[in-house]
Amino acid sequence: MDHKAMRIEYWKKNVRLMAVLLTIWAVVSYGCGILFVEVLNTIRLGGFPLGFWFAQQGSIYTFVILIFVYVYLMGKMDRKYDVHE
Amino acid sequence: MSIKMWTYIMVGLTFSIYLTIAWLSRVKDTKGFYVAGGGVPPIANGLATAADWMSAASFISMAGLISFMGYSGAIYLMGWTGGYVLLALLLAPYLRKFGKFTVPDFVGDRYYSNTARVVALCCAIFASLTYVAGQMRGVGIVFSRFLEVDVNTGVVIGMIIVFFYAGLGGMKGITWTQVAQYCVLILAFLIPAVAISLKITGNPIPQLGFGGMITEGSDAGQWLLTTLDALNKDLGFAEYTQAFGPGSKSMLDVACITLALMVGTAGLPHVIVRFYTVPTVKAARVSAGYALLFIAILYTTAPAVSAFARYNMINSLNNVAYAEAPTWFTNWEKTALIAWMDKNNDGIIQYRAGTSMIGKPALAAGQTGPVGQPVYTNQLAPGANELYVDNDIMVLANPEIANLPAWVIALVAAGGLAAALSTASGLLLVIASSISHDLYYRIINRKASEQRRLTIGRIMIGVAVIVAGYFGINPPGFVAQVVALAFGLAASSFFPVLILGIFTTRTNREGAIAGMICGIGFTMLYIVQTKFMGMGNWFLGISPEGIGVVGMLINFLVTVAVSSFTPPPPAEIQELVESVRTPRGAGAAVDH
C-alpha cells in the first residue's frame, strides 16, 4: 500500500472509531439520561432510580472511559499506520 | 479561632502560593505568554484545564441549582462534561497539529481570510466577556460573606490579584497557578461533601451516599432520594428524581440545553487554547482525558451535595420557629442571600413552592420584626412560601449547615476563590490575546517587535480586567445564568466552523463567515428578546440557555449552503486540512 492510500485508510478508520464512540456517547447521555429516563426510573439501583442515576452519575463515568478508550485505540492505530510522532 | 480568622489564614496562604508561582513563571517572550512555551506535560495540562474549566458557577452555583432543580440539574452535569468527549475526539488533536496560538488564528488561516479572523475574534471576545463577568461576581460574593467586605470591594480585590498573575506570567503563569488552584478547589469541595455524606448516610463516598439510606433522625432507614421525593411533593415542588414533571423543563428543552452546553464547552476559546500548550498530538488527546477525569471528581460529587443540601435545608428550616432557627441561617441573612418574610405572622418559617417576595431581598436598615427578624422593603409575593433562598449559598453555607469546624468553612471560601480566579485568568488571557495577537499583530502591524507585542498583551489584560470588574459590580443576571449564555454564543459561532474546517476540505471562506454571523446573530437576538425584552420562549419553548443549539444548526446549514455555491478553497488549504488529520509532524506552536 502506498503512502497516500495508507493515509486515506487511517483517516477512514479514525472516523469510524469516532462514529462508534460518539454513538455510545449519545445513547448513554441523550438515550438513558433524557429520552428513556422515565422508563428507566421504574428500575432501581439501590436508592437510585436508574434513569436519574444515568443523568446525574452514569453518563459522566461513561464520558471519562470513552476518552481513554479513544486515546488507547488511536495510539495503537497511529503506530500501525506509521503516523505517530 | 473564629471563621473570619481562619478565612484570612486560608485565603492569605493560598493567594501567596498563587503569587509565588506567578512570580517564578514570569515570561519574557510571546510564546511563553500565549502557549506557556508549548511544553506542558499532559497531566499538568489536565489539572490546569480542569481548574480553568471549573468556574465560580461550577463550584458555587451548580450544586445549588441542582438542589432546586432535582433531575433537571442533569443538564449542567451532562452538558458540562459531555463536551469533553467532543473536544477530545473531534477538535483537540487536530487543532494541536495545526499548531497556532489562538482559535481566531485557526479560523483566519483555515479560511484564508482576515474577515473570518475578525468575526472569530469578536465571537471569542464576546463569549469570554459574558463568561468572565460571572466569575468576578462569584469572587465578590465569596469575599463579601467570608471577609465581611462589600461585594464590590471583593470584586476589586479579585481584579488586582488576577491582573498581577495573568499579566506577569501570561499562559505560563496561569497554567501553573491553575494546577495549584485545582488542588485547593477540589479539596475544598470534597472535604465537606465527604463529611456530610458520612453524617447523613454513614457512607464516606458522596457518589454512593446520596443513593443510600438515612441513618439518623425521623427518616432513619429510608432511602435519601425517596425521602426527598416525598418532601418535595409535600411542599408543592416536582418530585426530586422525577423527569419532566409539573413545573420542570420539557424533554426538548432539557435535550437542547444539554447539547448547547456540550457543544459550547467544545467551542469555548479558553478551553481550546489549552490544547496548544502540550508538546504533541497524542499529549493533546491524553490531556483531554485527564481534564475530564479531574472535572468528573467534582461533577459526580456535586449532585450528591445537592441532594444532601436540599434535605438539610428543608429539615432545618421548614416549620421551624424563627427564634429557634440555626445560626447559619442568621449568619447568611446578613448577606441577603437568604431571607424570611413572615407572611402569616406566626413567627414560624414556612417553606413552600413558589416565590416569597418580588425581586431580590432589600434590607430595611435598622428595623426588626416582632420575633427579631430583619425587615425587607420588598413587596410580598402571593402564595404560602415565606423563604427566599439564593442558589449560590447552598455550597458556601453547606459546611455551616452540617456544623463542620471553622477551618473547613474557610477552606470552602478559598476553594470558591480558586475556582473563580482560575477561570477568570484563563478568560482574560483569551481576550488579551485576541486583541494583541489576532488583531494587533496579525492584522494591524505584522512588524511589531516581540517586546512591543508582550507589552500590548499585558495592557490588554489590564483593560479586560477593568471591563470584567465593571460587569462583576453591575451583573446582568445571576452567576450560572450568565455563564450559560456564554455557552450558547460559543456553540453557535465556533463549533460548526471548527468541525467543518477539519472534517471537510470543501468548506470555504464565504461559507464560514456567513455561517458564523447568522449563527451568533440568531442566538444573540433570541437571548436579548427573551432575557431582556420580556418576550416568551417563542421558538418551540426552548429556553435562552438552549437556543445555542438552534444557532449552531443555522450556522452549519448556512456554512454548507454558501460554501457549495461559491468557489472551493485554494489547493494549499485543502492540503493543509489533509495534513492536520495525521499526528506526525506536529512541531511546536508557532505564530506565523
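This is a predicted model, so every value here is computed, not measured. Each chain has its residues counted from 1, following the order in which its sequence is written. As they are written, the chains are lettered A onward and the ligands numbered 1 onward, keeping that order. Confidence filtering applies because this is a predicted model: local features only for residues at pLDDT of at least 70, side-chain atom pairs given and counted only at 80 or more, and all residues used for totals across whole chains, interfaces and linings. Hydrogens and water are ignored here; the side-chain numbers use all heavy atoms of the structure.

Trainee: Explain the nonpolar core here, please?
Mentor: Note on soluble globular proteins: their nonpolar side chains tend to be buried together. Residue and element names in this part refer to chain B. We call a set of buried Ala, Val, Leu, Ile, Met, Phe, Trp, Tyr and Cys residues a nonpolar core when their side-chain atoms join them within 4.5 Å. Accessible area is worked out with a 1.4 Å probe on protein chains only. A residue is then buried under 20% of its type maximum, exposed over 50%, and partly exposed in between. Core analysis: the largest hydrophobic core is formed by 231 residues, its most contacted members being W53, F59, L91, Y299, W328 and F329. Of all the elements, helix 13 (residues 281-317) adds the most residues to this core, at 21 residues. Apart from residues no more than four positions distant in its own chain, W53 is found in contact with S58, W80, Y84, Y131, T265, L268, H270, V271, I295, Y299, T423 and F487. In this structure, A339, M341, M357 and Y388 belong to the second largest nonpolar core, which totals five residues. Secondary structure elements are defined from DSSP: runs of H or I of at least 4 residues count as helices, runs of E of at least 2 residues count as strands, and each element is numbered from the N terminus. Every residue pair with non-hydrogen atoms within 4.5 Å of one another is taken to be in contact.

Trainee: Quick question: what am I supposed to make of the interface of chain A and chain B here?
Mentor: Quoted interface sizes are often the accessible area lost when the parts come together. Tallying the contact residues gives 43 residues for chain A and 54 residues for chain B. With both sides pooled, the region where chain A packs onto chain B buries about 4,200 Å², and carbon together with sulfur makes up 71% of that total. Salt bridge, as used here: a side-chain nitrogen of Lys or Arg that lies within 4 Å of a carboxyl oxygen of Asp or Glu. Where chain A meets chain B, there are two salt bridges. For the salt bridge of B:R584 with A:D82, the shortest nitrogen-to-oxygen distance reads 3.0 Å. We call two N or O atoms a polar contact when they sit within 3.5 Å, provided that within protein one can donate a hydrogen and the other can accept it, with sequence-adjacent residues counted only if both atoms are side-chain atoms. In this structure, the connection of chain A to chain B is made through 16 residue pairs in polar contact (both at pLDDT 80 or more). Counting only elements with at least two residues in the side of chain A that touches chain B, the list comes to helix 1 (3-35), helix 2 (37-40), strand 2 (48-49) and helix 3 (50-80) of chain A. When residues in the side of chain A that touches chain B are grouped by element, the largest group, 18 residues, is from helix 3 of chain A. Under the convention adopted here, Pro, Cys and the residues Ala, Val, Leu, Ile, Met, Phe, Trp and Tyr are nonpolar, Asp, Glu, Lys and Arg are charged, and Gly plus all remaining residues are polar. Looking at the side of chain A that touches chain B, its residues break down into 25 nonpolar, eleven polar and seven charged. By buried area we mean the combined loss of accessible area, with a 1.4 Å probe, across both parts when two parts are placed together.

Trainee: In this structure, what is going on with the packing of helix 4 (residues 56-69) of chain B against helix 15 (residues 393-401) of chain B? I would like to understand it.
Mentor: Two measures define how a pair of helices packs: the angle their axes make with one another and the distance between the axes. All names here are of chain B. Simply put, an axis is a line fit to the C-alpha atoms, just over the touching stretch for a helix, and the angle between two N-to-C directions goes from 0 to 180 degrees. One can describe the packing of helix 4 onto helix 15 by two numbers: an axis separation of 6 Å at closest approach and a directional angle of 90 degrees. Here helix 4 lies roughly perpendicular to helix 15, going by the angle between them. Of helix 15, the residues touching helix 4 (which contributes F59, I60, A63, G64, S67 and F68) are M394, V395 and L396. Within the contact of helix 4 with helix 15, the residues separate by chemical class into seven nonpolar, two polar and no charged. Reported orientations rely on four angle classes, namely roughly parallel under 35 degrees, roughly antiparallel over 145, roughly perpendicular from 65 to 115, and oblique for the rest.

Trainee: Hey, could you run me through the packing of aromatic side chains in this one?
Mentor: What describes a pair of aromatic rings is the distance from one ring centre to the other and the angle between the planes of the rings. In summary, the pairing rule links any two rings of Phe, Tyr or Trp, Trp by its six-membered ring, whose centres are within 6.5 Å, and it sorts them by plane angle into stacked for under 30 degrees, edge-to-face for over 60 and tilted for everything else. Scanning the entire structure with this criterion turns up 33 aromatic pairs over all chains. Geometrically, the ring pair formed by A:W11 and B:Y94 is edge-to-face, given 5.7 Å between the ring centres and 80 degrees between the ring planes. In this pair, A:W11 sits in helix 1 while B:Y94 sits in helix 5 (residues 74-98), so the two residues belong to two different chains. As far as burial versus exposure is concerned, A:W11 and B:Y94 are alike and both buried. Between A:F52 and B:Y240, the aromatic rings sit 6.1 Å apart at their centres with planes inclined by 55 degrees, giving tilted as the arrangement. Placement of A:F52 in helix 3 and of B:Y240 in the loop between helix 10 (224-234) and helix 11 (251-267) is noted, with the two residues assigned to different chains. The class of B:Y240 is buried, set by a relative accessible area of 1%.

Trainee: What should I look at first to understand the environment of B:G73 in this one?
Mentor: Here B:G73 is to be found in the loop between helix 4 and helix 5. On the accessibility criterion, B:G73 (0% relative accessible area) is buried. It is 28 Å that separates the C-alpha atoms of B:G73 and B:I499, two residues lying 426 residues apart in sequence. Excluding residues within four positions of it along the chain, B:G73 makes contact with A:Q56 and B:I66.

Trainee: How should I be thinking about the state of the cysteines in this particular structure?
Mentor: Every disulfide links exactly two cysteines, by a covalent bond between their sulfur atoms. When two cysteine sulfur atoms lie within 2.5 Å, the pair is treated as a disulfide. Per the stated rule, a full pass over the model turns up zero disulfides over all chains. Left without a disulfide partner, A:C32 is nearest to the cysteine sulfur of B:C256, which lies 19 Å away. Not part of a disulfide, B:C518 finds its nearest cysteine sulfur in B:C123, a span of 12 Å. We classify B:C518 as partly exposed; its relative accessible area is 34%.

Trainee: Can you help me understand the pattern of salt bridges in this one?
Mentor: Once their charged atoms are close, side chains differing in charge can pair, the charge on each being opposite to the other. Following the criterion strictly, the structure yields twelve salt bridges over all chains and no others. One salt bridge connects A:K13 with A:E9, and the closest N-O pair in it is separated by 3.9 Å. In this pair, A:K13 and A:E9 both sit in helix 1, four residues apart, roughly one turn of the helix. For A:E9, a relative accessible area of 29% puts it in the partly exposed group. With a shortest N-O distance of 3.4 Å, B:D109 and B:R442 are connected by a salt bridge. Pair noted here: B:D109 is in helix 6 (residues 103-110) and B:R442 is in helix 16 (residues 406-444), with a separation of 333 residues, a long-range link.

Worth remembering: the numbers are spatial, not functional.
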